[in-house]
Each structure stands twice: as structure tokens, then as C-alpha cells.
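# Fold and contact review
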Amino acid sequence: DTGVSQNPRHKITKRGQNVTFRCDPISEHNRLYWYRQTLGQGPEFLTYFQNEAQLEKSRLLSDRFSAERPKGSFSTLEIQRTEQGDSAMYLCASSLGTAKGYTFGSGTRLTVV
Amino acid sequence: DQQVKQNSPSLSVQEGRISILNCDYTNSMFDYFLWYKKYPAEGPTFLISISSIKDKNEDGRFTVFLNKSAKHLSLHIVPSQPGDSAVYFCAASVDGGSQGNLIFGKGTKLSVKP
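Attention in this report is confined to the structure presented alongside it. Just so it is clear, the structure is predicted and the values come from calculations on it, not from any experiment.

For the rest of this paragraph, the subject is the nonpolar core. Within the largest apolar cluster, 23 residues are counted, with the highest numbers of intra-cluster contacts made by F33, W35, L73, L75 and Y88 of chain B. For this core, the elements supplying multiple residues, two or more each, are β3 (19-25), β4 (32-38), β5 (45-51), β7 (62-67), β8 (72-77), β9 (86-93) and β11 (108-113) of chain B. Here the element with the most residues in this core is β9 of chain B; it accounts for four residues. One finds V4, V19, F49 and I79 of chain A within the second-largest nonpolar core, a separate group that totals 19 residues.

Next up, the structure:
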């Protein structure tokens, strides 16, 4: 297992289109997190899963955003009706249940034109 | 409202000297603090952490100091190496980090010159 994998690495989409990102965590990690990072800012928490249960969602996660983690393995983050303000780096991380063990993926950079 | 603040967007130091990166926080409920390092086109990488019951934690060239009364922590890198050039993020959490939800600062870009 080589770490947290995110696909695609880059995505350019037109405003109003739907996009979906995938995250494959480290296999033995039971927790999976999604963060968003915009230019000049630190990562901002969006949501996290423990196994297949989505335990917390940030107020940043509007109703256009939905995340799933079927069977507690990989996760998808979907953004519907994308807006230019959604342009950001979307980071996925996984851990064994403590913040210390966070391993981030390389992220998916979304550009909405 | 920024709960974790890194007021220096950038820092430049000479190779072999000490790098000191600073971080302030406002939420007194934070009890676990972490530093992450990020290279371009990569995700952040965990560097070192400290619990609020301690005031210092050391790991090789990296030492984190915590001053709870001042709500301030700092990361010391000694000696600094060109490979340390990266963006450093300070992060904080509650419940000893068990919830996993981290609050990040905006980062400080460190440049170590040969």
C-alpha cells in the first residue's frame, strides 16, 4: 500500500456541471477525511467518515456537495452544479482514528471555468 | 474568524541556521497541536505534534514548543537544510485529536538558502 490515492489529479469543468472525485485511503485506516484548500489558505475541513458512517459535516459542505464511503473503503466527493467559487484543491486523508496518524493524498485540483 | 493564525506568510533562513515558525490560536478548547509540511503538488505531510499537557516535544531536528498561557506554539528546525524549503501548516484539534477534525492556519512558506 503506497498511501492515499486521489483521482483525478486535475479536473477542469464548466460552471454548472457535476464533478466527482475519488479517494482510496490506506487500506487499514478506518477514518477518511475530506478537506478543501484554496489559494493562500490552509486546508479546511469538509467531512469525515468512520468506516462507512459519515460522522461530521462542516457548514462549508453545502447541499450541492455529497460524500459517500460505501463499504468503508474508497470514498467519493460529488459537487453538483459547480460554481467558480468551488475552484480549489480537494484533499483526502485517512487515519486509524487519531489526528496524529493523518496521511494526506496529493489532492484533486478543480478548476471551474 | 481564524482560530489558528500563522502571521508570517514567508520566512527565509540560511542553511545551517535555526528556523522558527510561529503559530497563535484563539480557542482555549484546543488540546492537541500538529505541524504539517507541504511541498508543491503534494498533500501535507505530518511532521510533529504536541499535547497540551506538554510544553515541548522534540523529534530529531524538529522541536515544537507550546505556551498555553500565551496560546502560542512554535516550530524550531535546527539546523535548517535546503530540503526543508516548503510550506508549513500549524493545526489544532480538540479531544486530544481523537475526533480528527483539524483546524489549520494559512501556512508559512520557508525558504532555506544554501
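Attention now moves to the state of the cysteines. Within the structure shown, the criterion is met by two disulfides over all chains. Between the sulfur of C23 of chain A and that of C92 of chain A lies a disulfide, 1.9 Å long from S to S. Between C23 of chain A and C92 of chain A the disulfide shows an S-S torsion of about -70 degrees. By sign, it is left-handed. Note that C23 of chain A is positioned in strand β3 (residues 19-24) and C92 of chain A in strand β9 (residues 88-95), a separation of 69 residues in sequence. By the burial criterion, C23 of chain A is buried, and C92 of chain A matches it. Put simply, C23 of chain B and C90 of chain B are joined by a disulfide, and their sulfur atoms are 2.1 Å apart. Here the disulfide of C23 of chain B and C90 of chain B is left-handed, its torsion about the S-S bond being about -75 degrees. Separated by 67 residues along the polypeptide, C23 of chain B in strand β3 and C90 of chain B in strand β9 bring together distant segments of the chain. Take C23 of chain B: its relative accessible area is 0%, and that puts it in the buried class.

On to the interface of chain B and chain A. The interface is formed by 21 residues belonging to chain B together with 21 residues belonging to chain A. In total, chain B and chain A occlude about 1600 Å² of area from one another, counting both sides; carbon and sulfur atoms represent 52% of this. Contact with chain A buries area across many residues of chain B, yet P44, N101 and F104 of chain B alone supply 25% of it, more than any other trio. Taken together, chain B and chain A are joined by zero salt bridges. On the surface where chain B and chain A come into contact, there are four residue pairs in polar contact (both at pLDDT 80 or more).

Taken as a whole, this structure holds 18 aromatic pairs over all chains when the rule is applied. Centroid distance Y25 of chain B to F33 of chain B: 4.6 Å. Interplanar angle 40 degrees. Geometry classified as tilted. Among the residues examined, Y25 of chain B registers a relative accessible area of 6% and is labelled buried. For the pair F30 of chain B and F33 of chain B, a centre-to-centre distance of 6.5 Å together with 80 degrees between the ring planes defines the contact as edge-to-face. Pair check on accessibility: F30 of chain B and F33 of chain B agree, each one buried. Grouped by ring-pair contacts, the aromatic residues Y33, Y35, F45, Y48, Y102 and F104 of chain A together with Y36, F46, F89 and F104 of chain B constitute a single cluster. The positively charged end of R22 of chain A is found above the aromatic ring belonging to F74 of chain A, 3.9 Å away from the centroid.

Cut-offs used in this document
- Residues numbered from 1 in each chain as written.
- Chains lettered and ligands numbered in written order.
- Predicted model: local features only at pLDDT ≥ 70, side-chain atom pairs only at ≥ 80, totals over all residues.
- Heavy atoms only, no water.
- Core = buried A, V, L, I, M, F, W, Y, C linked by side-chain atoms within 4.5 Å.
- Buried < 20%, exposed > 50% of the residue type's maximum accessible area, 1.4 Å probe, protein only.
- Helix = DSSP H or I, 4+ residues; strand = E, 2+ residues; numbered from the N terminus.
- Disulfide = S-S within 2.5 Å.
- Contact = heavy atoms within 4.5 Å.
- Buried area = accessible area lost by both parts, 1.4 Å probe.
- Salt bridge = Lys/Arg side-chain N within 4 Å of Asp/Glu carboxyl O.
- Polar contact = N/O pair within 3.5 Å; in protein donor to acceptor, adjacent residues only side chain to side chain.
- Phe/Tyr/Trp six-rings, centres within 6.5 Å; stacked < 30°, edge-to-face > 60°.
- Lys NZ or Arg CZ within 6 Å of the ring centre and 35° of its normal.

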